[in-house]
Amino acid sequence: MKCISVYTNDFEVFSDIYEQVLSMPLAENEEKQIEGITVTESGDVPDNYLDRMKIKPEVVVMKVRDKDITILQHKNLFEIFIPAPESVVH
């Protein structure tokens, strides 16, 4: 699962740049700025990280069902989790 970190604690700001973040090409561990907000491609994270974070009371969990994207908000950070495309072996 790919993780993109967006460093802000303001949901309105996050909402305003969300689509830009998803469409921005980022290499692994690359950092860019959008409207003064730092966005980092944090690489792949294990599925159990997401499960562990979801149970913490200080973490807000949001789900974008039509895209199978999960967003966690905690402290000054939004983490966007995008499923890795499945490999097809022929």
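My aim in this report is to walk through the structure given alongside it, one point at a time.

Analysis parameters
- Residues numbered from 1 in each chain as written.
- Predicted model: local features only at pLDDT ≥ 70, side-chain atom pairs only at ≥ 80, totals over all residues.
- Heavy atoms only, no water.
- Helix = DSSP H or I, 4+ residues; strand = E, 2+ residues; numbered from the N terminus.
- Buried < 20%, exposed > 50% of the residue type's maximum accessible area, 1.4 Å probe, protein only.
- Phe/Tyr/Trp six-rings, centres within 6.5 Å; stacked < 30°, edge-to-face > 60°.
- Pairing = 2+ DSSP bridges.
- Axes fitted to C-alpha atoms, helices over the stretch in contact; angles between N-to-C directions.
- Contact = heavy atoms within 4.5 Å.
- Lys, Arg positive; Asp, Glu negative; His and termini not counted.
- Salt bridge = Lys/Arg side-chain N within 4 Å of Asp/Glu carboxyl O.

## A word on the overall build of the protein
Along its length, the protein carries 2 helices and 6 strands. Reading the protein from its N terminus to its C terminus gives the helix and strand order β-α-β-β-α-β-β-β. Across its three principal directions, the C-alpha atoms of the protein cover 45 × 30 × 25 Å. When the 90 residues of the protein are sorted by exposure, 38% land in the buried category.

## Here's the deal with the packing of aromatic side chains
In total, this model carries 5 aromatic pairs according to the counting rule given. When the centroid spacing of 5.8 Å and the interplanar angle of 55 degrees are considered together, the rings of Phe-14 and Tyr-18 count as tilted. Within this pair, Phe-14 and its partner Tyr-18 are both found in helix 1 (residues 11–23), separated by 4 residues, close to a single helical turn. With a relative accessible area of 3%, Phe-14 lands in the buried category.

## Comments concerning the sheet that holds strand 2 (residues 31–34)
Judged by pairing direction, the sheet is antiparallel, and its 6 strands sit side by side in the order 2-3-1-6-5-4 without closing on themselves. Where the open sheet ends on each side, the last strands, each with one partner, are strand 2 and strand 4 (60–64). Neighbour-to-neighbour, the strand axes of the sheet open up by a mean angle of 20 degrees, direction not taken into account. Note that strand 2 and strand 3 (residues 37–44) share 4 bridges and pair antiparallel. What sits directly across from Gln-33, in strand 3, is Thr-38. Sheet contacts for helix 1: strand 1 (2–7), strand 2, strand 3, strand 4, strand 5 (69–74) and strand 6 (77–82); angle to strand 6, the most-contacted strand, approximately 35 degrees.

## Quick notes on the side chain of Glu-41
On the secondary structure map, Glu-41 appears in strand 3. Buried charge without a partner: Glu-41 forms no salt bridge, and the closest opposite charge is Lys-2, 4.2 Å away. Apart from the residues lying within four places of it in its own chain, the contact partners of Glu-41 are Lys-2, Cys-3, Leu-26, Ala-27, Glu-28, Asn-29 and Glu-30.

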